[in-house]
Amino acid sequence: MAHRGEDLYEQHAQGVYRYLFSLGADADTAEDLTQETFCQALKSLDTFRGDCSPQTWLCAIAKRLWYKELERRKRFAPLTEDAPAPDCPIRETEEREQRLALYRAMQRLDADTREVMHLRLSGDFSFREIGEILGRSEVWARVRFYRGKGELTKLLGGDGDG
């Protein structure tokens, strides 16, 4: 049993970490939640039916833990944010506005497309892995990603030709 859990960890820990990081967790939180994911998985390893791949099962556990973490953060969020002074205030402001515009545009995408975009861009997952994580095909993940890119280009005011 312990050997099986170690094998599971060796084979899937990096993928679970990347998935959590792609959802928006910082490196330390992603590491902590990866560990917690495997703790929970080991507790319920005997009940894993094999209806999906172990990676998909583990990412589902990780996603649930990430949402719990977000809820915890909302409850204990400080009233003010202390940010370090930027090196170049004008550039920092422009970059922040661009990121904000991108995040706002991504929120206008449907949930599936948004998740595929996050997994591909932040998590650096292959389309095959994205399909497995979300219980779909590789082709479905590719189509969602490229449609999402097109939608984002339109939403951000691009011409869509490039």
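For the structure, check the block above.
Residues numbered from 1 in each chain as written. Predicted model: local features only at pLDDT ≥ 70, side-chain atom pairs only at ≥ 80, totals over all residues. Heavy atoms only, no water.

Enquirer: I'd love a proper account of the environment of Arg 18, names of residues and values included.
Expert: Summarising the element assignment, Arg 18 is placed in helix H1 (residues 2–23). When the C-alpha atoms of Arg 18 and Thr 34 are compared, they prove to be 9.3 Å apart, with 16 residues separating the residues in sequence. With residues near it in sequence (within four places) discarded, Arg 18 still touches Gly 123, Asp 124, Phe 125 and Glu 129. (Helix = DSSP H or I, 4+ residues; strand = E, 2+ residues; numbered from the N terminus. Contact = heavy atoms within 4.5 Å.)

Enquirer: Any chance you could break down the packing of helix H5 (residues 111–121) against helix H7 (residues 138–155) for me, citing the residues and the numbers?
Expert: A pair of packed helices is characterised by two quantities: the angle between their axes and the separation of those axes. The interhelical angle for the contact between H5 and H7, taken along N-to-C directions, is 95°, at an axis separation of 9 Å. Our classification of the angle between H5 and H7 gives roughly perpendicular. The residues of H7 that touch H5, namely those facing Asp 112, Thr 113, Val 116, Met 117, Arg 120 and Leu 121, are Trp 140, Ala 141, Arg 144, Phe 145, Gly 148, Lys 149 and Leu 152. Grouping the constituent residues of the contact of H5 with H7 by class yields 7 nonpolar, 2 polar and 4 charged. (Axes fitted to C-alpha atoms, helices over the stretch in contact; angles between N-to-C directions. Parallel < 35°, antiparallel > 145°, perpendicular 65-115°, else oblique. Nonpolar A, V, L, I, M, F, W, Y, C, P; charged D, E, K, R; others polar.)

Enquirer: For the nonpolar core, give the residues involved together with the corresponding values.
Expert: Counting residues in hydrophobic clusters, the biggest one holds 33 residues, and the most contacted among them are Tyr 19, Leu 20, Trp 57, Leu 58 and Ile 130. Contributing elements (two or more residues each) for this core: H1, helix H2 (27–43), helix H3 (54–75), helix H4 (89–107), H5, helix H6 (127–133) and H7. Among the elements that take part in this core, H3 stands out by supplying 7 residues, more than any other. In this structure, Trp 57 is in contact with Leu 8, Ala 41, Ser 44, Leu 45, Phe 48 and Cys 52, ignoring residues within four places of it in sequence. (Core = buried A, V, L, I, M, F, W, Y, C linked by side-chain atoms within 4.5 Å. Buried < 20%, exposed > 50% of the residue type's maximum accessible area, 1.4 Å probe, protein only.)

Enquirer: Mind laying out H5, listing which residues take part and the relevant values?
Expert: Those residues of H5 lying buried are Thr 113, Glu 115, Val 116, Met 117 and Leu 119. For H5, the capping residue at the N-terminal end is Asp 110, with a side-chain oxygen 3.2 Å from the backbone nitrogen of Asp 112. (Polar contact = N/O pair within 3.5 Å; in protein donor to acceptor, adjacent residues only side chain to side chain.)

Enquirer: A description of the packing of aromatic side chains should follow, citing residues and the corresponding values.
Expert: Under the defined criterion, the tally for this structure stands at 7 aromatic pairs. Each ring, one from Phe 127 and one from Phe 145, has its centre 5.5 Å from the other, and the planes form 65°; the classification is edge-to-face. Highlighted residues: Phe 127 in helix H6 and Phe 145 in helix H7, separated in sequence by 18 residues. Judged by relative accessible area, which is 4%, Phe 127 ranks as buried. (Phe/Tyr/Trp six-rings, centres within 6.5 Å; stacked < 30°, edge-to-face > 60°.)

Enquirer: Explain the packing of H2 against H3 to me, using residue names and the numbers behind them.
Expert: Contact pair H2 / H3: the axes reach a minimum separation of 9 Å and the direction vectors enclose 125°. Comparing the axis directions of H2 and H3 gives the class oblique. In this structure, H2 crosses over H3, and the sense of that crossing is right-handed. Contacts from Thr 29, Leu 33, Glu 36, Thr 37, Phe 38, Gln 40 and Ala 41 of H2 reach H3 at Trp 57, Leu 58, Ile 61, Ala 62, Arg 64, Leu 65, Trp 66, Glu 69 and Arg 73. Counted by class, the contact of H2 with H3 contains 9 nonpolar, 3 polar and 4 charged residues. (Left-handed = near helix turned anticlockwise from the far one by under 90°.)

Enquirer: I'd love a proper account of a nonpolar patch on the surface, names of residues and values included.
Expert: On the surface, Leu 102, Leu 155 and Leu 156 cluster together into a nonpolar patch covering about 220 Å² of accessible area. Note on placement: Leu 102 falls in helix H4. (Patch = residues over 30% accessible without salt bridge, like charges linked within 9 Å, V, L, I, M, F, W, Y side chains within 5 Å. Areas by Shrake-Rupley, 256 points an atom, 1.4 Å probe, with all protein chains shown as cover. Salt bridge = Lys/Arg side-chain N within 4 Å of Asp/Glu carboxyl O.)

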